[in-house]
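Chain by chain, the residues run as shown.
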Amino acid sequence: RHQINHHHHNNSTMGRKSLHHTTAAPDQTRLRIEALEEQRLLRRTQMKQARVDRAAQEQRNISQGNPGDVDFIGLVKQWREEHVGVAR
């Protein structure tokens, strides 16, 4: 026969930090949340501007008779600029 020892814990305090440590944690948590929200807003603003710039570039490409994928055209242009004067 095996005896099983059951340990009873007070569930009301399990997983909680002691009270003297909780004063700094919410402040740091709130600061981190606010920083994350600010970073998210900045990313969204930058992405919105990137979409506007991309649409403008697409229109410039079309008006110059060069329709197509803006990213690919940009890569080709960049490659050509980096390889100016290179013998073929």
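Fair warning: this is a prediction, and the values are worked out from it, not measured in the lab.

Enquirer: I would appreciate a short explanation of the overall build of the protein chain in the present structure.
Expert: On a plain count of helices and strands, the protein chain comes out with two helices and zero strands. In the protein chain, which comprises 88 residues, the share counted as buried stands at 3%. In the form shown here, the protein chain has an accessible surface area of approximately 8900 Å², with 53% of it arising from carbon and sulfur atoms.

Enquirer: What am I meant to see in the pattern of salt bridges here?
Expert: When their charged atoms lie close together, side chains carrying opposite charge are able to pair. Going through the model one piece at a time under the given rule, you end up with two salt bridges. Here R54 ties to D69 by a salt bridge, and the two come within 3.8 Å at their closest N and O atoms. Of this pair, R54 sits in helix α1 (residues 24–63) while D69 sits in the loop between α1 and α2 (70–82), and the two are 15 residues apart along the sequence. In this structure R54 comes out as partly exposed when scored by relative accessible area, which is 36%.

Enquirer: How should I be thinking about the side chain of N61 in this particular structure?
Expert: The topology assignment puts N61 in helix α1. The buried category is assigned to N61, whose relative accessible area is 6%. Not counting residues within four places of it along the chain, the set of residues in contact with N61 comprises N66, P67, V70 and I73.

Enquirer: Explain the environment of Q59 here, please?
Expert: For Q59, the position within the fold is in helix α1. Along the primary structure Q59 and V70 are separated by eleven residues, whereas in three dimensions their C-alpha atoms are 9.6 Å apart.

Criteria and cut-off values
- Residues numbered from 1 in each chain as written.
- Predicted model: local features only at pLDDT ≥ 70, side-chain atom pairs only at ≥ 80, totals over all residues.
- Heavy atoms only, no water.
- Helix = DSSP H or I, 4+ residues; strand = E, 2+ residues; numbered from the N terminus.
- Buried < 20%, exposed > 50% of the residue type's maximum accessible area, 1.4 Å probe, protein only.
- Areas by Shrake-Rupley, 256 points an atom, 1.4 Å probe, with all protein chains shown as cover.
- Salt bridge = Lys/Arg side-chain N within 4 Å of Asp/Glu carboxyl O.
- Contact = heavy atoms within 4.5 Å.

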